Amino acid sequence: MSLDLNLLRVLDVLLEERSVTRTGARLGLTQSAVSHALNRLRYMLNDELFIRGPAGMQPTPRAVEMGPQVHAALNQLQAALAPSDFDPATSERRFAVVAGAYAGAILAPPLAGRLAEVAPHCELLIAELANDVLERMDARRLDFMVGSVLAAPERFARETILTEELVWVVRTAHPLFQGERIDLRTLVSVPHVVIARSLPGLLEDGGERRAFVSRASWEDAGAFEAALASRGLTRRVGVSVPDTYTALAVASRTDMATLIPRRLALLSAQGGRVKLIDPPYESPSVDVSLLYLRERLAEPAMAWMRDLIRAIAASL
């Protein structure tokens, strides 16, 4: 079977965008040209490939199965034909970085600003953490992940780029938190906002569990609960939320307290909405890591972007 590479490119982008309109915009094609390419692929592969639904173009099992291999093959071909160096001033490359609410608030703004200065034609895509993050990195759909990654498969490099302290946050006018020193008993006298984002186990082929562990929240590795247990105290969870921004919003508008990264708390404190409280117990710091496929450092663009992210993080 002889396939036009342009058809495979349409398939690749359509798998990511799930929209004929957005795929056409990405590739500089009309909607009718994208639809024509999709029809040619359907005929050649004897499969519908995509079915239109309420949430957009949904891929068939055959399209899902083909996707990672098609994407990897296109990337390998592009790398083989690309110049041996990378010029950020002229490149139109798209960099995709997985980042949660914390990294999106702390790292993304200065990174985007610096990228606009030194690589004005490049695009920065900030993507959310999802179950298939490693598969998408393997397929080169994602370049980097920034987060509290505790362990990863050997094929991935994991570098600590930030060390973060945790602080408790309450609204500025909270009636119980006006003194200079806050003790543990006062801290547990109010309900808490807990950040709890589950990340289901991810499986390798063959059913073996991945050696991948990502911190699901900004809880301090059990230090707070251990301090409570040693004093015979318990706390009450008022609400559980999926991210730091939601926790901060709830704490700033209620009489609840929440534990979040200091850098993020300081951003909010500048607006006078919240007050920071150092933990009245021994609280460990949290390492923020940069994750990427080791072999991709051979790509000049990847090495350049890795160095840029590290430099931005070092300046924070």
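A brief look at the structure comes next. (Residues numbered from 1 in each chain as written. Predicted model: local features only at pLDDT ≥ 70, side-chain atom pairs only at ≥ 80, totals over all residues. Heavy atoms only, no water.)

## Let's talk about the sheet that holds strand E5 (residues 144–147)
What counts, and what does not: Any two strands between which DSSP finds at least two bridges are classified as paired. To qualify as a helix, a DSSP run of H or I must reach at least 4 residues; to qualify as a strand, a run of E must reach at least 2; elements of each kind are numbered from the N terminus. All axes here are fitted lines through C-alpha atoms, helices being fitted over the stretch that makes contact, and every angle between N-to-C directions spans 0 to 180 degrees.
Spatial strand order, E4-E3-E5-E14-E7: five strands in an open sheet with mixed pairing. Where the open sheet ends on each side, the last strands, each with one partner, are strand E4 (123–127) and strand E7 (156–164). In this sheet, adjacent strand axes meet at a mean angle of 20 degrees when their direction is disregarded.

## A closer look at unusual backbone geometry
Even without a glycine there, the phi angle at Arg18 is positive, about 60 degrees. Relative to the helices and strands, Arg18 resides in the loop between helix H1 (5–17) and helix H2 (20–27). Positive phi values are uncommon outside glycine, yet Leu49 reaches one of about 70 degrees. As for its placement among the helices and strands, Leu49 is situated in the loop between helix H3 (31–45) and strand E1 (50–53).

## Some remarks on the environment of Val241
As a reminder, the rule being used: Relative accessible area decides the class of each residue, using a 1.4 Å probe on protein chains only: under 20% of the type maximum gives buried, over 50% gives exposed, and in between gives partly exposed. In this analysis, two residues are considered to be in contact whenever any of their non-hydrogen atoms come within 4.5 Å of each other.
Residue placement: Val241 occurs in strand E11 (residues 237–241). With a relative accessible area of 5%, Val241 lands in the buried category. Sequence separation between Val241 and Ala196 is 45 residues; the distance between their C-alpha atoms is 6.1 Å. Apart from the residues lying within four places of it in its own chain, the contact partners of Val241 are Val193, Val194, Ile195, Ala196, Thr246 and Ala247.

## Some thoughts on the environment of Leu5
Along the chain, the position of Leu5 falls in helix H1. Using a relative accessible area of 45% as the deciding quantity, one classes Leu5 as partly exposed.

## Some points on the packing of aromatic side chains
Let me state the cut-off plainly: Between the rings of Phe, Tyr and Trp (Trp by its six-membered ring), a pair exists once the centres lie within 6.5 Å; its type follows the angle of the planes, with under 30 degrees stacked, over 60 edge-to-face, and the other angles tilted.
What the rule picks out here adds up to six aromatic pairs. Here Phe224 and Tyr281 contribute two aromatic rings whose centre-to-centre distance is 5.4 Å and whose plane-to-plane angle is 35 degrees, an arrangement assigned as tilted. Of the two residues, Phe224 sits in helix H9 (residues 223–230) while Tyr281 sits in the loop between strand E13 (274–277) and strand E14 (286–293), which places them 57 residues apart along the sequence. Both residues of the pair, Phe224 and Tyr281, count as buried.

## Examining the pairing of strand E8 (residues 166–171)
Burial analysis of E8 places five of its six residues in the buried class, the great majority of the element. Of the strand pairs in this sheet, E8 and strand E12 (residues 257–261) are connected by four bridges, and their pairing is antiparallel. From the neighbouring strand, Val169 faces E12, where its bridge partner is Thr258. Direction of pairing for E8 relative to E13: antiparallel, over a ladder of four bridges.

## Concerning the pattern of salt bridges
Opposite charge on two side chains allows them to pair when their charged atoms are near. Convention followed: Salt bridge, as applied in this entry: a Lys or Arg side-chain nitrogen positioned within 4 Å of an Asp or Glu carboxyl oxygen.
The final tally for this structure, using the stated rule, is 24 salt bridges. Close ionic contact of Arg94 with Glu123 constitutes a salt bridge, the shortest N to O distance being 3.4 Å. One end of the pair, Arg94, is in strand E3 (residues 94–99); the other, Glu123, is in strand E4, with 29 residues separating them in the sequence. The partner of Asp278 in a salt bridge is Arg262, with the nearest N and O atoms 2.6 Å apart. Linking Asp278 in the loop between E13 and E14 with Arg262 in helix H11 (residues 262–269), this pair joins segments that are 16 residues apart in sequence. Here the salt bridges share partners, and the residues they tie into one network are Arg9, Asp12, Glu16, Arg94, Glu123 and Arg141.

## Remarks on the side chain of Glu17
With respect to the element layout, Glu17 can be found in helix H1. Taking the relative accessible area as the measure of exposure, Glu17 reaches 14% and is therefore buried. Setting aside residues no more than four positions away along its own chain, Glu17 makes contact with Arg22, Thr23, Arg26 and Arg94.

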